[in-house]
Amino acid sequence: MAGKTLSDIQQEVHEYISQFKEGYFKPLSMLARMTEEVGELAREVNHLYGEKPKKPGEKENTVSGELGDILFIVVCFANSLGISLEEAFDEVMQKYRTRDANRWTRIEKP
C-alpha cells in the first residue's frame, strides 16, 4: 500500500510478529539475519551487474525482493530495540545535511 510512513511499517511488522509466541529474535540473531539478507542482495546485484552469471537452475530473485527482505529485518531489529525509524532517519539526514553540506557538487537549478 502506497503512502505508508515508517511508523505505519513498524506497526504492521509488529502486528505480524506479535501473533507468534517466539516474537522477535535476539539482537545478535537479528544482526546475523540482516547479514544473510545483505549477502543475498549482493549476490543478486553481482548476477545482474557483475561478472558472475547465475548457475543453471538457480532460483530467480530480484533486487527489489532482496531490498524488501532487508527492510523487513531492519524494521524487526528496530522494533525489538524500541527504536523509532522515523526519528533515526531524521537524525541521520540532519547529520548528512550538516557534515556533507559542501562535499558534493550541487546541480544548478534553472
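Counting from 1, residues in each chain are numbered in the order their sequence is written. Per-residue local features are limited, in this predicted model, to residues with pLDDT of at least 70; the limit for side-chain atom pairs, both in listing and counting, is 80 or more; totals at the level of whole chains, interfaces and linings are taken over all residues. Only heavy atoms go into the side-chain values, all of them from the structure, while hydrogens and water stay out.

Asks: Describe the packing of aromatic side chains, naming the residues involved and giving the relevant values.
Replies: Working definition: rings of Phe, Tyr and Trp (its six-membered ring) pair if their centres are within 6.5 Å, and the pair is stacked with planes under 30 degrees apart, edge-to-face with planes over 60 apart, and tilted otherwise. Here the structure, examined in full by the defined rule, presents two aromatic pairs. Relative to Phe-72, the ring of Tyr-16 has its centre 6.2 Å away and its plane inclined at 75 degrees; by these criteria the two rings are edge-to-face. Residue Tyr-16 is found in helix 1 (residues 6-17), and its partner Phe-72 is found in helix 3 (residues 63-81); the two are separated by 56 residues along the sequence. Members of the aromatic cluster, each reached through a chain of ring pairs, are Tyr-16, Phe-20 and Phe-72. Sitting over the ring of Tyr-96, Lys-95 keeps its end group 5.1 Å from the ring centre. Put simply, DSSP marks the helices as runs of H or I at least four residues long and the strands as runs of E at least two long, and each gets a number from the N terminus on. Note on geometry: a ring has a charge over it if NZ (lysine) or CZ (arginine) is within 6 Å of the ring centre and within 35 degrees of the ring normal.

Asks: So what about the nonpolar core? Which residues, and what values?
Replies: Buried Ala, Val, Leu, Ile, Met, Phe, Trp, Tyr and Cys residues form a nonpolar core when they are joined through side-chain atoms within 4.5 Å. For the exposure calls, accessible area comes from a 1.4 Å probe over protein chains only, and a residue counts as buried if that area is under 20% of its type's maximum, exposed if over 50%, partly exposed in between. The biggest cluster of nonpolar side chains holds 10 residues, and these are Val-13, Ile-17, Met-30, Met-34, Ile-73, Val-75, Cys-76, Phe-77, Ala-78 and Leu-85. When residues of this core are assigned to their parent elements, the largest contribution, five residues, is made by helix 3. If we skip the residues at most four places from it in the chain, Val-75 touches Ile-9, Gln-10, Val-13 and Leu-85. By definition in these notes, contact holds between two residues if any of their heavy atoms fall within 4.5 Å.

Asks: Quick one: what's the story with helix 1, residue by residue and with numbers?
Replies: When the terminal C-alpha atoms of helix 1 are compared, their 16 Å separation across 12 residues agrees well with the 16 Å that a helix rising 1.5 Å per residue should span. Along helix 1, the residues classified as buried are Gln-10, Val-13 and Ile-17. Projected down its long axis, helix 1 carries its buried residues within an arc of 65 degrees, all on one side. Its buried side turned inward, helix 1 meets helix 3 and helix 4 (85-99). The span you would expect from a helix comes to 1.5 Å times its residue count less one. In this description, the arc belongs to the directions extending from the helix axis to the C-beta atoms.

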